[in-house]
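A closer look at the structure
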Amino acid sequence: MTEFLMPSLGADMEDGTLVKWRKKSDDTVKRGDIIAEVETQKGLIEIEVFDEGVIEKLLIKEGEKVPVGTPMALINPDGAEVETKKEIASMKKEVNLQPIEEKAEQKVMEKSTKEIRIRVTPIAKKIAQDKGVDLSQITGTGENGAITKDDVENAIVQKGERSKTEKGEKPVEKLVEVEPEKTGAQPSEPELYKIEKQPVEVKKERALTPAEAIRSAVAAAMSKSNREIPHYYLEKRVDMSKAMAWMKETNRERPIQKRLLPAALFIKAVASSLDEVSELNAIWENGLQLKNEINIGFVVSLRTGGIIVPVILQADSKSVGEIMEILNDIIPRARALKLRSSELSDSTITITNIGDGSADKVFGVIYPPQVAIIGFGNITEQAFAENGMLGIRPVVDVTLAGDHRATDGITGSRFLGSLDKYLQNPESL
Amino acid sequence: MNKTKILMPKTKSKKIDLDAKKAHHLFYQMLLIRKFEDKAAEEYTKAKIRGFLHLYIGEEAVAVGVIQALTDEDNILCTYREHGHALARGMDAGAIMAEMYGKQEGCSRGRGGSMHLFDKSKNFFGGNAIVAGHLPMSVGMALASKKQKKNNITCCFFGEGAAAEGEFHEAMNLAALWKVPVLFVCENNLYAMGTAIRYTHSMQELEKKGAGYGVESSAVNGMNLMAVIDAANEAVQKVRDNGKPYLLVCNTYRFRAHSMFDAELYRDKKEVEEWKKRDPIPEFQEFLLKQKIITEKEIKKIENQVDSEIQKAVDFAEAGTWEPIDQLTEFVYSKKETK
Amino acid sequence: MSQTIKTTYREALKQGLREALQNDDRVFLMGEDVGRYGGAFAVSKGLLQEFGEERIMDVPLSESGFVGAGIGAALAGMKPIVEVMTVNFGLLAMDQIVNNAATLLHMSGGQLNVPVIIRISCGIGQQLAAQHSHSWEPFFAQVPGLVVLSVGTHEDARGMLHTALQSPDPVIIIEYTSMLNLEKEISTDAGAVNITKAKVIKSGKDISIITYGTGVYKCLESADELAAEGIDAEIIDLRILRPLDEETFLASVTKTHRALIVEDAWRSVSISSEISSRIMEKAFYELDAPVKRLCGVEVPIPYPLHLEQASVPQKSDIVKAVKQIINP
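Nothing here was measured: the structure is a model prediction, and the numbers come from that model.

**Regarding the overall build of chain B**
Of regular secondary structure, chain B possesses ten helices and eight strands. Of the contacts formed within chain B by residues at least 6 apart in sequence, a portion of 76% connects residues at least 24 apart.

**Observations concerning the overall build of chain C**
When its secondary structure is counted, chain C shows 13 helices and 14 strands. Of the contacts made within chain C by residues no fewer than 6 positions apart, 79% connect residues no fewer than 24 positions apart.

**Notes on the sheet that holds strand β2 (residues 15-21) of chain A**
In sheet architecture, strand pairing relies on hydrogen bonds along the backbone and comes in two forms, parallel and antiparallel. Residues and elements named next belong to chain A. Spatial strand order, β5-β4-β2-β7: four strands in an open sheet with antiparallel pairing. Two strands close off the open sheet at either side, each with one partner strand: β5 (43-48) and β7 (65-67). Taking each pair of neighbouring strands and ignoring which way they run, the sheet shows an average axis angle of 40 degrees. One ladder, built from four bridges, connects β2 with strand β4 (residues 34-40); its direction is antiparallel. The partner of Thr17 across the bridge, within β4, is Glu39.

**Focus: the confidence of the model for chain C**
Interpretation of the predicted coordinates at a detailed level should be avoided for regions scoring low in pLDDT. A residue-level look at chain C finds 100% of positions with pLDDT of 70 or above and a mean pLDDT of 96. Here the predicted complex carries an ipTM of 0.87, next to a pTM of 0.69.

**Brief notes about unusual backbone geometry**
For residues besides glycine, phi is generally negative; the peptide bonds are generally trans as well. That bond from A:Pro368 to A:Pro369 is cis: its omega, 5 degrees, falls within 30 degrees of zero. We note that B:Ala47 has phi near 65 degrees; this positive angle belongs to a residue other than glycine. Counting through the fold element by element, B:Ala47 comes out in the loop between α1 (20-45) and α2 (60-67). Although it is not a glycine, C:Asp33 sits at a positive phi angle of roughly 65 degrees.

**Some words on the packing of helix α5 (residues 135-147) of chain B against helix α6 (residues 166-178) of chain B**
In a pair of packed helices, the angle between the axes and the distance between the axes together describe the arrangement. Residue and element names in this part refer to chain B. Contact geometry of α5 with α6 gives a least axis separation of 8 Å together with a crossing angle of 15 degrees. Of the possible angle classes, the one that applies to α5 and α6 is roughly parallel. Like other packed secondary-structure pairs, α5 and α6 cross with a definite hand, here left-handed. Contacts between α5 and α6 involve Leu135, Pro136, Ser138, Val139, Ala142 and Leu143 from the first element and Glu167, Phe168, Glu170, Ala171, Leu174, Ala175 and Trp178 from the second. When its residues are assigned to classes, the contact of α5 with α6 shows ten nonpolar, one polar and two charged.

**Observations concerning the nonpolar core**
Counting residues in hydrophobic clusters, the biggest one holds 236 residues, and the most contacted among them are B:Leu183, B:Val228, B:Leu248 and C:Leu149. When neighbours within four sequence positions are excluded, B:Leu248 is seen to be in contact with B:Leu183, B:Val185, B:Ser218, B:Val220, B:Ala231, B:Ala232 and B:Ala235.

**A look at the interface of chain A and chain C**
Counting residues at the interface gives ten residues for chain A, matched by ten residues for chain C. A total of four residues in the side of chain A that touches chain C trace back to one element, the largest contributor, which is helix α1 (residues 122-131) of chain A. A class-by-class count of the residues in the side of chain A that touches chain C yields three nonpolar, three polar and four charged.

**Thoughts on the interface of chain B and chain C**
On the side of chain C, 40 residues touch chain B, which itself brings 37 residues to the contact. Of all the elements in the fold, those that place two or more residues in the side of chain B that touches chain C are β2 (124-127), α5 and α6 of chain B. Element by element, the count of residues in the side of chain B that touches chain C is highest for α5(B), at ten residues. Among the residues making up the side of chain B that touches chain C, the classes are represented as 15 nonpolar, 14 polar and eight charged.

**Concerning helix α2 (residues 149-156) of chain A**
Among the residues making up α2(A), those that are buried are A:Lys149, A:Asp150, A:Asp151, A:Val152 and A:Ala155. For α2(A), the secondary structure elements touched by its buried residues are α1 of chain A.

**Let's talk about the pairing of strand β8 (residues 71-77) of chain A**
Pairing of strand β1 (residues 2-5) of chain A with β8(A), which is carried by four bridges, proceeds in the antiparallel orientation. Looking across to β8(A), one finds that A:Glu3 is bridged to A:Leu74.

**So, the confidence of the model for chain B**
Predicted confidence across chain B gives a mean pLDDT of 93, with 94% of residues reaching 70 or more. Under a pLDDT of 50 for its full length, residues 1-11 of chain B has, in the predicted model, 17 contacts with residues more than four places off or in other chains.

**What to know about the environment of C:Leu307**
Residue and element names in this part refer to chain C. Within the secondary structure, Leu307 is located in helix α12 (residues 305-310). Judged by C-beta crowding, with 13 C-beta atoms within 10 Å, Leu307 ranks as partly exposed. Sequence-wise, Leu307 and Gln127 are 180 residues apart; in three dimensions their C-alpha atoms are separated by 9.4 Å.

**Remarks on the pairing of strand β10 (residues 207-211) of chain C**
Residues and elements named next belong to chain C. Counting buried positions along β10 gives five out of five residues, so the element sits mostly inside the fold. One ladder, built from five bridges, connects β10 with strand β11 (residues 233-237); its direction is parallel. Within β11, the residue paired with Ile210 across the bridge is Ile236. Note on the crossover from β10 through helix α9 (residues 215-228) to β11: the handedness is right-handed. Inspection of the sheet shows β10 paired to strand β13 (residues 259-266) by four bridges, in the parallel sense. The residue bridging Ile210 from the neighbouring strand is Ile261, located in β13.

**Observations regarding the sheet that holds strand β6 (residues 147-150) of chain C**
Residues and elements named next belong to chain C. Pairing is mixed across the open sheet formed by seven strands, whose spatial order is β3-β2-β4-β5-β7-β6-β12. Either end of the sheet is taken by a strand with one partner, and the two such strands are β3 (56-58) and β12 (240-242). Geometrically, the sheet is characterised by an average inter-axis angle of 20 degrees between neighbouring strands, direction not taken into account. Pairing of strand β5 (residues 117-122) with strand β7 (residues 171-176) involves six bridges; the strand directions are parallel. Note on β7: the bridge partner recorded for Ile118 is Ile172. Sitting on the sheet, helix α8 (residues 154-164) is in contact with β5, β6 and β7, with an inclination near 170 degrees to β7.

**A short note on the packing of α2(B) against helix α7 (residues 225-242) of chain B**
Residues and elements named next belong to chain B. Orientation of α2 relative to α7, taken along the N-to-C sense of each, is 35 degrees, at an axis distance of 8 Å. For the element pair α2 and α7, the recorded crossing hand is right-handed. In this structure, α2 contributes Ala61, Val62, Val64, Gly65 and Val66 to the contact, and α7 contributes Leu225, Val228, Ile229 and Ala232. For the contact of α2 with α7, the class distribution of residues is eight nonpolar, one polar and no charged.

**Remarks on helix α11 (residues 271-283) of chain C**
Two residues of an α-helix separated by three or four positions point the same way, owing to the 3.6 residues in each turn. All names here are of chain C. Here α11 is 13 residues long and its end C-alpha atoms lie 17 Å apart, about the 18 Å a rise of 1.5 Å per residue gives. If you check which residues of α11 are buried, you get Ile271, Ser272, Ile275, Ile279 and Ala283. Considered in projection along α11, the buried side chains sweep an arc of 90 degrees and stay on one side of the axis. In α11, the exposed positions that point more than 90 degrees away from the buried face belong to Ser277 and Glu281. On its buried face, α11 is in contact with α7 (137-141), β10, β12, α10 (246-256), β13 and β14 (292-296).

**Focus on the environment of B:Ala98**
All names here are of chain B. Positionally, Ala98 belongs in helix α4 (residues 93-101). In this structure Ala98 comes out as buried when scored by C-beta crowding, with 26 C-beta atoms within 10 Å. Residues Ala98 and Gly113, 15 residues apart in the sequence, show an inter-C-alpha distance of 8.7 Å. Dropping the residues within four chain positions of it, Ala98 is found in contact with Lys103, Glu105, Gly106, Phe316, Ala317 and Gly320.

The rules we used
Going along each chain's sequence as written, the residues are numbered from 1 onward. The order in which chains are written sets their letters, starting at A; the order in which ligands are written sets their numbers, starting at 1. In keeping with the model being predicted, local features are shown solely for residues with a pLDDT of at least 70 and side-chain atom pairs are shown and tallied solely at 80 or more, while totals for entire chains, interfaces and linings include all residues. Strands here are runs of E lasting at least two residues and helices are runs of H or I lasting at least four, both read from the DSSP assignment and numbered beginning at the N terminus. By the convention adopted here, residues make contact when the C-beta atoms placed from their backbones lie within 7 Å. By the convention used here, strands pair only if DSSP detects at least 2 bridges between them. Axes here refer to lines fitted to C-alpha atoms; in helices the fit is confined to the stretch in contact. Angles between the N-to-C directions go from 0 to 180 degrees. Scored between 0 and 100, pLDDT is the confidence that the predictor attaches to each residue. Our angle categories are set so that under 35 degrees counts as roughly parallel, over 145 as roughly antiparallel, 65 to 115 as roughly perpendicular, and the remainder as oblique. Each crossing gets its hand from how the near helix is turned against the far one by less than a right angle, where anticlockwise is left-handed and clockwise is right-handed. Side-chain classes are defined by residue name, with Ala, Val, Leu, Ile, Met, Phe, Trp, Tyr, Cys and Pro counting as nonpolar, Asp, Glu, Lys and Arg as charged, and the others, Gly among them, as polar. Here a nonpolar core is just a set of buried residues of the types Ala, Val, Leu, Ile, Met, Phe, Trp, Tyr and Cys, joined wherever their C-beta atoms sit within 7 Å. As a rule, residues whose C-beta atom has 12 or fewer other C-beta atoms within 10 Å are exposed, those with 20 or more are buried, and those in between are partly exposed; C-beta atoms are placed from the backbone. If the strands point away from the viewer and the path from the first strand over the helix to the second runs clockwise, then the crossover is right-handed. Given a helix with a known number of residues, its expected span is that number minus one, times 1.5 Å. Relevant arc is that of directions from the helix axis to the C-beta atoms, nothing else.

What follows is the structure in structure tokens.
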């Protein structure tokens, strides 16, 4: 039995509507006979039969619309052979040609978080990746401030080692600044960076990993401090109950991400105290030089080891809330080593806050050329006597290390007194 | 539906010498074309052949009648309705069918399909799908023959639709101006796709267009093989002798639609039936039987031969292979090194 | 040290033509006014007298007709050089060029070669206004099957035709009317040149300037000015617009890390669009600045001189653009 299928009359013909049968069951048909009229998008077309035989059965009704290839009738060819062949093979092969589609454009939006997208040229990025250079430390000189190959290469080299005069670039900042620059006892190049000597002309440097670099820098600074600065040490135990109560009260009205932590309070208290005892907000460079701005550096420990000291500029003019915001922003970036060099410079005094560690007190080492460093231990519950009464209060042990060339113990003492006073009146901060 | 007035010039009443062998061959050729085209239609409805399919049914006498006057060295250029011309030229039916199937065993490696049959060995230059696009090339080929002092001519087939295109007019002018041996054969089947000639030509007697360019022209009844042979022999001889172009208009009719997907809304079924009565193949068969150049038995034999040849062609195409996709970018530039 | 002679671009083209006609009987020139008029731009002046009517054919105003005839003649074994007076009239022949010349090899499954040369003059003239000033190199450069050459130097004017005639495939040779009178020194044994490679015509390290056609000498002159300011530009003459020799310009950008592409053609969907894409695709990690393009302004070419000149990149634009890339 042969199936007569709805024929394909064009590549774009998908279906046809049977308008009229021109033959019926038991009719004999021969090749070329018109078997039906079919309506298509191009109009009414007479369709012909290519087989010979007797129509056994009409399978669809007049008015029915069927896709191309649908059996419309059964034809019994002359003879009794029963054969059903489906003649319409699927001719369309999936051809994978060159990709013609374009991927949908992906617009890169500036992230709304505090991460800033760095503009850098492809080759500069490649070199920076290869050499382990932190792009966030570099100011770009390319189009729209893009970091170029030259900018990266300059950053790799120590300041003062090479002068490239042909392009007049701006001075480039270093990877990590632990202390303000000073000539003279400046650690020379080999301490911070290793340069492998190659027989080839081409300069090859392997920069230290960030952790190694930091360790070295810290080592240098601390050694210098120990060598040059005569330290005196003072300490005071401060009752934190009022401060903690005040914080609790204030935090009740604050959303979670804006809640205050003791560190912010300490920083503000220190700043206010320095207003009163300004001799400690100074540097020692052939004599005491008082500083107008109170820029407080605070020590952040790094997971990879080492420390980094970001700075809160003009801490005296900021509220505790503002200081907290700055801490929330700076500390994660500090840990990720994504600080700008401006955030590492110009501190006039340093706070070290062991805080979350297990030590009760910390005696710091002064960062030259500063003249003091203040240390805050853990806030712990201790027995506290006041007015003849013994109680259990939250307390913090505050220490002050001072440069004895610049100040005497009495100055430091006055400072600690002032600090205590502020911490007893936190609402005044 | 409007009827198209058919303008038919008188045929020359000349006695043509036709030996039996050649007559049988010509009959075979027309029958081969007819049955081949029928089979192509069938294969198309089964989706074996895709794209456009333009069938020559009804016009067989023109291709067969003209091409018999040409030699193997003569060039032939055609339109996209060229299966009949390809077969009349002696191209293998299997190679043509395989080409329409898209198989790489096709005469154009499957790259062209129904509209682009080519065979360089038979000086058969397509298979051209831009209406009138091949006319200037025909003139150029004839120009080359003249410059190279070769004796071959170029035969260019096109429809009356092409006679409206600018390229027709430019080609006629250039051919006459340069005096090159090209035979322009205009197959006037009265419809340019779906538009009747009275809607497309201000001068419907197309043979009169030649005069405007100084090209000798005539018209012939394209439904009668003997008439076409007569006219073609004369035209070809003139082109060969004079080295100048000639325009031969063959008035004919296609029994089927322009292409497969055509509802023929533009012409009357009665008109088609009228023309079918003048089917060139039964007419020639009658003529041969009357002249006793052929017997019924011989006719049957030829029919069987044609059936078997076409079946072989289909089998050949079915068995053909697909060109590997990684060869896609072949044949864009020649393999010979450009320096 | 080779000797040099002074020659005009026109003269160099003519020498190439003469040599081609002398070397091969199959070669003949056909075009409007190439014979009796002496050539619309005097390139073929004197050739009719030297070679005769069979070899130098004047044709009627039938671009489609005679370009198609040239294609037919090539099919039948001749080596025609078809001259289309300007690219502006070339549209009339596009059907023959694109649908026949470029596709016959493919449609015939590799059987038919079309070794036709089509010479087309292109580009801005002197205030010839919109319909006579087109730079349509991109139209041709997009079509697979065509070989498209851009004659930007005198050496190429002298030597490209010879090599193009060896090609079995159709070659479009784009010449520039604005350069015809320009005189330069070329080697006395200047002759056939390759038609496959782009050329680094000036070596440099700071930026790759990629150009073709009328851009070539403009960029060379700009390079002199830039050198005085300490910028060392590398200049590449593409020479072949299809198929592009990307190896040369990719290697250059890999060296200099910056690219400027200069052309007269309209900016959108141009040769520079393609070059820029390829640099991005294949040399992205070498880039130290975005690829820049100086192209024709998207306006039909206006008639007044100052507007006409402002429509295409000039030397000063090139210098300015380079400086901006180097020092943003």
